[in-house]
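# Survey of secondary and tertiary structure
Single-letter residue listing:
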Amino acid sequence: MKILFLVYHGFSDVSGISKKIHYQVKGLRENGHEVHLCSYGFAENGHRCRYIDDEVLADYGTGMMAGLRQRTEYDRLYDYCKLNGIELVYARCFQNANPWLIRFFRRLKELGIHAVTEIPTYPYDQEFVGFGWKARWGLKIDQLFRNQLARQMDAMVTFSDADKIFGRRTIRISNGVDFDSIPLHTAENRNTPSLNLIGVAEVHYWHGFDRLIAGIGEYYKKGGKRDVRFHIVGGVADSEMHDSMHAKGFAELIEKYGIAGHVVFHGQLFGRQLDDVFNQCQFAIGSLGRHRSGISVIKTLKNREYATRGIPFIYSEHDSDFDHQPYVVKALADESPIDIQQIIDYMDRFTMQPAEIRKTVEHLTWKIQMQRVIDEL
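This text gives an overview of the structure that appears in the document. (Residues numbered from 1 in each chain as written. Predicted model: local features only at pLDDT ≥ 70, side-chain atom pairs only at ≥ 80, totals over all residues. Heavy atoms only, no water.)

### Quick word on helix H6 (residues 209-221)
Turn by turn, an α-helix covers 3.6 residues, leaving residues three or four places apart pointing in a common direction. Rule in force here: Secondary structure elements follow DSSP: runs of H or I of four or more residues count as helices, runs of E of two or more count as strands, with numbering from the N terminus. By this rule the span expected of a helix is its residue count minus one, scaled by 1.5 Å. Throughout this description, buried means an accessible area under 20% of the type-specific maximum (1.4 Å probe, protein chains only), exposed means over 50%, and partly exposed covers the range between. The contact criterion used throughout is that any non-hydrogen atoms of two residues lie within 4.5 Å.
Its 13 residues give H6 an end-to-end C-alpha distance of 18 Å, which sits within 8% of 18 Å, the value for a rise of 1.5 Å per residue. Counting buried positions along H6 yields 11 of 13 residues, so the element is predominantly enclosed. Within H6 the residues assigned to the buried category are Phe 209, Asp 210, Arg 211, Leu 212, Ile 213, Ala 214, Gly 215, Ile 216, Gly 217, Glu 218 and Tyr 219. Where H6 is buried, its residues touch strand E10 (195-200), strand E11 (228-233), helix H8 (250-257), strand E12 (263-267), strand E13 (283-285) and helix H11 (340-349). At the exit of H6 stands Gly 223, carrying a positive phi of roughly 95 degrees.

Right, dumping it as structure tokens:
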């Protein structure tokens, strides 16, 4: 099948989302499909451009009108699909439903071209609470038109348990993993009395890392003796460092409990540098605050990446792939500090090897997950 994988943004070497998209494309290709990746970004001369496989499809120029054109002009993309025999457009939702996008997909349907839209997180409206006016205005536009856009789709792809999204049937899959890109955890200091925790994310309030920091503070407040350190890898916005409407700020919690030496901010890392930090740690931190954005069921990419590395981890949402695995600690979906002593006791008894953990997610490769979409169509 000839597939166009449509993304409404560009890519970054340190972005987990960017890596995920490329792994999805790889998974489709491993199943024998011809896949072309369409993205949007800036050329070296500063022009806004739409690309197909790194080749410029449309150059919109610069300035405000260029930004408007890239949101409304889909004629050249339509022509590309028509002239190149595209059979399926797999689009990734960017909360950008509008009349021009609806027209584009309606015209594709008239040609007999199938289309699906992946909703990375559902529901997503509450994620915008407290955001600036520009983001909230964009969401309002999306809310006006997303049902109409969904009607142009064969189905909506979701990582939730929803049967329908915006009135359209869903294809339910799991976030996948790429075994070639994720090395096995070596746990260099697994038997040390110290406990090193790692959380990898472009940090938002729904990751709930403040609950983990508060947990470390409460552990020492109650007389805890073990050396516990939390390694945060990824960008941390000022809104997370300081108190907000969503959660207590990291800086305020660290100062309150006097635990500056127990929280380490590494910034964005990838490749060998990321692997080195992982191998200093014995336990990983998933999302601890999805309830803050109204989500109780989700199959996050991070849980799968942790399992592929072979490191035990904690999270608070419902994830049917991991809820009953022996290498998982489930946290309550509330605002209580995480019980660090519980994690210490768990790790003191833990004997599973990284390769054993990794083996449990062999069925979650992107090759298998993406082919499920094709099969259901």
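### A word on the sheet that holds E12
Note the cut-off: Being paired, for any two strands, means DSSP has found at least two bridges between them. Only the stretch in contact is used when a helix axis is fitted, and all axes are lines through C-alpha atoms; the angle between N-to-C directions ranges over 0 to 180 degrees.
Pairing is parallel in the open sheet, where 6 strands are placed in the order E12-E11-E10-E13-E14-E15. Every interior strand has two partners, whereas the edge strands, E12 and strand E15 (328-330), have only one. On average, adjacent strands in this sheet sit at an angle of 25 degrees to one another, irrespective of strand direction. Both strand E14 (residues 313-315) and E15 contribute to a ladder of 3 bridges, which runs parallel. Bridge pairing links Ile 314 to Val 329 in E15.

### Remarks on the packing of aromatic side chains
The criterion, for reference: Any Phe, Tyr or Trp ring, taking Trp's six-membered ring, that has another such ring centre within 6.5 Å forms a pair; planes under 30 degrees apart are called stacked, those over 60 apart edge-to-face, and the others tilted. Distance and angle both matter: a charge sits over a ring if NZ of Lys or CZ of Arg is within 6 Å of the ring centre and within 35 degrees of the ring normal.
All chains considered together, the criterion is met by 18 aromatic pairs. On the basis of an interplanar angle of 75 degrees and a centroid distance of 5.6 Å, the ring pair of Phe 313 and Phe 322 is categorised as edge-to-face. A residue is classified by how much of its surface remains accessible, and Phe 313, at 0% relative accessible area, is buried. Since its relative accessible area comes to 0%, Phe 322 is described here as buried. Seen in terms of ring centroids, Tyr 346 and Phe 350 are 5.4 Å apart; in terms of plane orientation they differ by 35 degrees. Their pairing is tilted. Here Phe 350 falls in the buried class, since its relative accessible area comes to 13%. Every member of this aromatic cluster is reached through a ring pair, and the members are Phe 278, Tyr 306, Phe 313, Tyr 315, Phe 322 and Tyr 327. Residue placement shows Arg 107 over the ring face of Tyr 78; its charged tip is 3.7 Å from the ring centre.

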